[in-house]
Amino acid sequence: MEGVFKKISEQWFLREPAFFALYCIQQLEVNEKMNCAMRCGQGKLQYNPKFLERKPTADVELLLKIEMIRLFLKHPYERQPEGTSRIALALGSDVTIKSAYNGPNAMGVGSMPPQELPLLGPEAFGLQHDMPFEWYVRKIEEMLDENPISPSNQKDLNDSKLPISEDDLEEAAARSELWEEDEMRAQEINDLIDKMNSWGSIPGNVVQQIQASTKARIDYRKIMQGFRASVLSNKMRLTRMRPNRRTGFQQMGSVRRFDTKLLVAVDVSGSISDKTLSHFYSVINKFFKYGINEIDCVQFDYDLGEVKPIRKASRTVQIFGRGGTSFQPVFDYLAEHNIYDGLIILTDGGAPHPKMDDSIKANILWVCEDEKSYDQCKDWMQLYGRVCWMYL
């Protein structure tokens with residue numbers, strides 16, 4: 001097999017500069033114990049010769065290309081939703097790559113059609129194309145939770161919505177076993193991408209995804225912290241009765257009123273998963289536990305639900321009529337109850353722009369469900385306040 005990999009790398013040196021450059025910074029290793037043909041992670045490219053020795057060189061090269069694309073997109077090193085299984089990570093990565101290469105918006109190189117990859121695509125799971133890696137991982141994780149497969153019961157497999165067998169699940173888990181968040185390795189790949197001048201046979205739309213993946217991910221935690229600070233600053237007033245901590249009585253000090261109120265509006269029109277909602281409530285309780293006197297929560301789709309303390313709201317999620325989404329009832333309520341210092345809205349952004357009354361004093365933070373909704377809505381949402389997107 002060493003001869004096969006050497007032959008492939010020599011061919012890539014001549015005609016696949018992007019694949020060759022990335023391959024050269026991986027440590028090639030034999031691993032006969034792993035339950036898959038090939039995998040990457042931790043700076044390693046491992047292969048099991050028992051799975052590969054009877055395959056033609058072209059098939060081995062195709063598997064190697066898939067791992068290179070996986071690395072270019074940095075799935076083994078970043079953007080891994082918290083609390084998801086290794087199976088969901090591997091399958092989510094496969095679906096993302098398949099959608100880019102062979103989906104309806106795939107582009108070939110020149111007049112050549114894109115190469116067909118031996119991976120499961122979004123349609124195999126009943127999912128739409130061109131969604132982010134994190135979104136596919138979460139959706140597949142939900143399917144795994146809803147469709148457990150027992151290896152001793154073939155009926156489970158026949159009744160399951162999953163298009164894979166128990167052996168396939170074990171193989172997927174093995175392929176992502178080396179994956180872990182690694183900022184340094186991700187940056188190493190980003191540096192390689194920034195210097196790349198020729199992409200060989202990689203389709204143009206895939207190159208665009210690879211280049212877009214180098215964008216610095218917005219840390220929603222920092223956005224939350226900054227928003228909390230801005231809300232609390234509204235309750236600060238200058239006073240001569242308390243000295244400034246740095247300059248003493250030369251400049252005015254400040255005191256804060258402890259009656260800060262926050263309104264949290266959650267889009268429950270049906271497009272946001274229970275896991276995302278649960279994580280969102282957890283983040284709110286974590287970042288706004290101290291300094292905020294009162295946090296109210298309201299769930300909405302096209303209408304407004306009951307306003308209640310967030311502790312009660314987070315226990316139950318009320319899905320309304322699924323008749324669409326409108327932000328206007330939230331802003332109308334905010335104008336009628338002008339007692340809040342801040343408004344946080346969790347949404348996928350799929351609704352008309354609201355009209356904001358001039359009397360509203362609250363700072364506003366939009367939290368988009370994922371990166372795709374953030375990219376689609378950030379321009380108009382920024383007219384109202386801060387914007388971020390939440391990854392699990």
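Residues numbered from 1 in each chain as written. Predicted model: local features only at pLDDT ≥ 70, side-chain atom pairs only at ≥ 80, totals over all residues. Heavy atoms only, no water.

Caption draft 1: Region of interest: the overall build of the protein. For the protein, the helix and strand inventory stands at 15 helices and eleven strands. Burial status across the protein gives 49% buried among its 392 residues. Sequence-distant contacts, at least 24 apart, represent 63% of the contacts inside the protein between residues at least 6 apart. (Helix = DSSP H or I, 4+ residues; strand = E, 2+ residues; numbered from the N terminus. Buried < 20%, exposed > 50% of the residue type's maximum accessible area, 1.4 Å probe, protein only. Contact = heavy atoms within 4.5 Å.)

Caption draft 2: Highlighting the side chain of R175. Inspection of the secondary structure assignment puts R175 in helix α8 (residues 166-175). By relative accessible area, which is 9% here, R175 ends up buried. A polar contact is formed between the side chain of R175 and the side chain of D94, at a distance of 2.7 Å. Not counting chain neighbours up to four residues away, the residues in contact with R175 comprise C36, M38, R39, C40, R70, A90, L91 and D94. (Polar contact = N/O pair within 3.5 Å; in protein donor to acceptor, adjacent residues only side chain to side chain.)

Caption draft 3: Broad picture of unusual backbone geometry. Phi at K74 is positive, roughly 65°, even though this residue is not glycine. Looking at the secondary structure, you find K74 in the loop between α4 (57-72) and α5 (86-102). Positioned with a positive phi, D130 is a non-glycine residue whose angle comes to about 60°. By the element assignment, D130 lies in the loop between α5 and α6 (133-146). Its relative accessible area of 29% is what places D130 among the partly exposed residues.

Caption draft 4: Representation of the nonpolar core. By size, the foremost hydrophobic cluster in this structure holds 38 residues, and its most contacted members are L64, M68, I69, F72, W199, I202 and I210. Elements supplying a minimum of two residues to this core: α1 (2-15), α2 (17-24), β2 (38-41), β3 (44-47), α4, α5, α9 (183-195) and α10 (204-212). The next biggest cluster of nonpolar side chains, apart from the first, holds 26 residues, and it includes Y220, F280, F288 and I295. (Core = buried A, V, L, I, M, F, W, Y, C linked by side-chain atoms within 4.5 Å.)

Caption draft 5: Structural view of the confidence of the model for the protein. Of all residues in the protein, 82% attain a pLDDT of 70 or more, and the chain-wide mean is 83. Contacts of residues 150-158 to residues separated by more than four positions or lying in other chains number seven contacts, the stretch itself having pLDDT below 50. Counting interchain partners and residues more than four positions distant, the pLDDT-below-50 stretch residues 253-258 has 22 contacts. (pLDDT = per-residue confidence, 0-100.)

Caption draft 6: Quick look at the state of the cysteines. What the rule picks out here adds up to zero disulfides. Considering cysteine sulfurs only, C40 is the nearest to C36, which forms no disulfide, with 9.9 Å between them. Classification of C36 as buried rests on a relative accessible area of 0%. (Disulfide = S-S within 2.5 Å.)

Caption draft 7: Structural detail: the packing of aromatic side chains. Counted under the stated rule, the structure contains 14 aromatic pairs. Between the aromatic rings of F13 and F20, the centroid separation amounts to 5.2 Å while the plane-to-plane angle is 70°, which identifies the pairing as edge-to-face. On the basis of an interplanar angle of 70° and a centroid distance of 5.2 Å, the ring pair of W366 and W380 is categorised as edge-to-face. Placement of W366 in strand β10 (residues 363-368) and of W380 in helix α15 (residues 371-381) is noted, with a sequence separation of 14 residues between them. Neither residue differs from the other here; W366 and W380 are each classed as buried. An aromatic cluster is defined as three or more aromatic residues linked by ring pairs; in this entry it consists of F300, F327, F331, W366, W380 and Y384. (Phe/Tyr/Trp six-rings, centres within 6.5 Å; stacked < 30°, edge-to-face > 60°.)

Caption draft 8: Expanded view of the pairing of strand β9 (residues 342-347). With respect to burial, β9 is a largely interior element, six of its six residues being buried. Along β9, one buried face is formed by G342, I344 and L346 and the opposite face, lined by L343, I345 and T347, is buried too. By the bridge criterion, five bridges tie strand β6 (residues 261-267) to β9 in an arrangement that is parallel. Along β9, the bridge assignment pairs L263 with L343. Alignment of β9 against β10, held across six bridges, turns out to be parallel. Each residue of the ladder has a partner; that of I345, found in β10, is W366. (Pairing = 2+ DSSP bridges.)

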